[in-house]
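Chain by chain, the residues:
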Amino acid sequence: MRNYNFSAGPAALPVPVLEQVAREMLELPGAGASIMEISHRSKKFEEVIAHAENGIRSLLGLPEEFHVLFLQGGASLQFAMAPMNMLAGSKKADYIITGAWGQKAIKDAQKYGAARVAATTKESNFSRLPESLDLDSGAEFVHFTSNETIQGVQWPQEPQTNGVPLICDASSDILSRPIDVAKYGLIYAGAQKNIGPSGVTVVILRDDLLQKCASDLPPMLDYRVQVDNKSLYNTPNTFGVYVIGLVCDYLQSQGGLAGMQARNEEKARLLYDAIDSTDFYTGHAASNCRSRMNVTWRLPSEELEKRFIEEAKAQGMVELKGHRSVGGLRASIYNAFPREGVVALVEFMKEFERKTG
Ligand code: PMP
């Protein structure tokens, strides 16, 4: 039996996608072998990667001026790769820090250029959004983390940057809702939360930013090389790219990103309503920036939190332990997490409070 898997990532994938992968495991239709056994230079793989790219393009409504890459090294490599490409020659960038991942991103950027903190909410233990931004109009970009996975803090809409392009670490909310792509210069995300397996990173890059990138980097770290070679400079994660294509088909069948947004909001509302309905549970994030993807909350004591996690696990609800820096509980409810699992957790929360509260 499959658990209700509240893991922050790698995370639940849509069951119809897993079923299709299982059906095609021995032979990808028309390939005579599985996806993992065919050349990344084959006609068949060209179709697979074009399918994944088109899936992302059509879901996000990406204009031609954006390139879509499938790279490796996770979002963590993009923390370094983006500034290496875009800040060479003492260029400047602004970073908005709303959690642990943004902190990591700026640390890498500061090795390659003048990356400056435009705002941070560290003093609130990253439980809210900044009230104001100290932006430099001469910056190449403004970096932000659309959803901080550990703290469960999500921007309801993009920060205002007066036309400076946004670079977004969208690892934990990509393709979970529509976004205004015109505001973005670069979007990157590890696939393993909302759109596929680990080992493949989606990078969406606007051409005018690409044209300004450094050109003397090692080829694997050079966006130009990756774009010129259509993500095939070396052997990509062929399986991961294939699954992303199938996940995009699935998201399309669910009403696209508007459909996913409605589902994700409803799932999150069920959980936040349960948290708000009692003093027994306390949410971490301020209500105007609560994440629809990672719901973080506390119980009255660490003993109760431990017991909650153990008893939930015994009922097939797993991976509810919060990150150690925040403590408490975290329920990650990405695109593929089923509504029934959220309903089951809410029932469990009520019963747990009745028993122990
Ligand atoms: N950014 C965010 C917002 C994340 O949630 C994560 C992974 N939890 C990362 C970056 C790091 O991603 P990866 O493991 O793909 O390098």
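Structure's up top.
Focus: the pattern of salt bridges
For the structure on display, the rule yields 21 salt bridges. Of the charged contacts in the structure, one is a salt bridge between Glu 47 and Lys 44, with a shortest N-O distance of 3.3 Å. Of this pair, Glu 47 and Lys 44 both sit in helix H2 (residues 43-60), 3 residues apart, which is roughly one turn of the helix. Glu 47 gets classed as partly exposed once you look at its relative accessible area, which sits at 46%. Here Glu 53 makes a salt bridge to Arg 57, at a shortest N to O gap of 2.9 Å. Note that Glu 53 and Arg 57 are positioned in helix H2 at a spacing of 4 residues, about one turn of the helix. Residue classification places Arg 57 among the buried positions, given a relative accessible area of 15%.

As for the sheet that holds strand E12 (residues 294-298)
Sheets are built from strands that pair by backbone hydrogen bonding, the pairs being arranged parallel or antiparallel. Taken together, the 3 strands give an open sheet; going across it, the order is E11-E12-E14, and neighbouring strands pair in antiparallel fashion. Whereas interior strands pair on both sides, the edge strands pair on one side only; in this sheet they are strand E11 (282-283) and strand E14 (329-332). Alignment of E12 against E14, held across 4 bridges, turns out to be antiparallel. From the neighbouring strand, Asn 294 faces E14, where its bridge partner is Ser 332. Relative to E12, helix H8 (residues 256-276) is tilted by about 10°, and along the sheet it contacts E11, E12 and E14.

A look at the site of the ligand
Neighbouring the ligand are 13 residues, the closest being Ser 76, Thr 149, Asp 169, Gln 192 and Lys 193. Between the ligand and Asp 169, the relevant distance is 2.6 Å, taken from a nitrogen atom to a side-chain nitrogen or oxygen of the residue. Between the ligand and Lys 193, the relevant distance is 2.8 Å, taken from a nitrogen atom to a side-chain nitrogen or oxygen of the residue. Contact with the protein chains hides 84% of the accessible area of the ligand, taken as 390 Å² for the molecule alone. By residue number, the principal contributor to the shell around the ligand is helix H3 (residues 74-86), which donates 4 residues. Tallied by class, the residues present in the shell around the ligand amount to 3 nonpolar, 8 polar and 2 charged.

Topic: the packing of helix H1 (residues 15-23) against helix H7 (residues 238-253)
Running from amino to carboxyl end, H1 crosses H7 at an angle of 135°, the nearest separation of the two axes being 9 Å. The pairing of H1 with H7 is recorded here as oblique in orientation. Both H1 and H7 take part in a crossing whose hand is right-handed. Residues Pro 16, Val 17, Gln 20 and Val 21 of H1 pack against Phe 239, Tyr 242, Val 243, Leu 246, Val 247 and Tyr 250 of H7. Class assignment of the residues belonging to the contact of H1 with H7 gives a composition of 9 nonpolar, 1 polar and no charged.

Brief notes about H8
Taking 1.5 Å as the rise per residue, H8 with 21 residues should run 30 Å; its terminal C-alpha atoms sit 30 Å apart, in good agreement. Close packing links the buried residues of H8 with H2, H7, E11, E12, E14 and helix H10 (339-356).

Notes on the sheet that holds strand E3 (residues 92-97)
Read across the sheet, 7 strands follow the order E2-E10-E9-E8-E5-E3-E4 without closing on themselves; strand pairing throughout is mixed. One side of each edge strand has no neighbouring strand; the edge strands of this open sheet are strand E2 (66-71) and strand E4 (114-120). Ignoring which end each strand starts from, the neighbouring axes of this sheet average 20° apart. For E3 and E4, the ladder comprises 6 bridges, and the chain directions are parallel. Residue pairing across strands places Ile 96 opposite Ala 119, the latter belonging to E4. Running over the sheet, H2 touches E2 and strand E10 (201-206) and is turned about 130° from E2. Across the sheet, H3 touches E2, E3, strand E5 (141-145), strand E8 (166-169), strand E9 (184-190) and E10, and the angle it forms with E9 is around 155°.

Reading guide: rules and limits
- Residues numbered from 1 in each chain as written.
- Predicted model: local features only at pLDDT ≥ 70, side-chain atom pairs only at ≥ 80, totals over all residues.
- Heavy atoms only, no water.
- Salt bridge = Lys/Arg side-chain N within 4 Å of Asp/Glu carboxyl O.
- Helix = DSSP H or I, 4+ residues; strand = E, 2+ residues; numbered from the N terminus.
- Buried < 20%, exposed > 50% of the residue type's maximum accessible area, 1.4 Å probe, protein only.
- Pairing = 2+ DSSP bridges.
- Contact = heavy atoms within 4.5 Å.
- Axes fitted to C-alpha atoms, helices over the stretch in contact; angles between N-to-C directions.
- Near = heavy atom within 4 Å.
- Polar contact = N/O pair within 3.5 Å; in protein donor to acceptor, adjacent residues only side chain to side chain.
- Areas by Shrake-Rupley, 256 points an atom, 1.4 Å probe, with all protein chains shown as cover.
- Nonpolar A, V, L, I, M, F, W, Y, C, P; charged D, E, K, R; others polar.
- Parallel < 35°, antiparallel > 145°, perpendicular 65-115°, else oblique.
- Left-handed = near helix turned anticlockwise from the far one by under 90°.
- Expected span 1.5 Å × (residues − 1).

It is worth stressing that arrangement in space is one thing and function is another; only the former is reported here.
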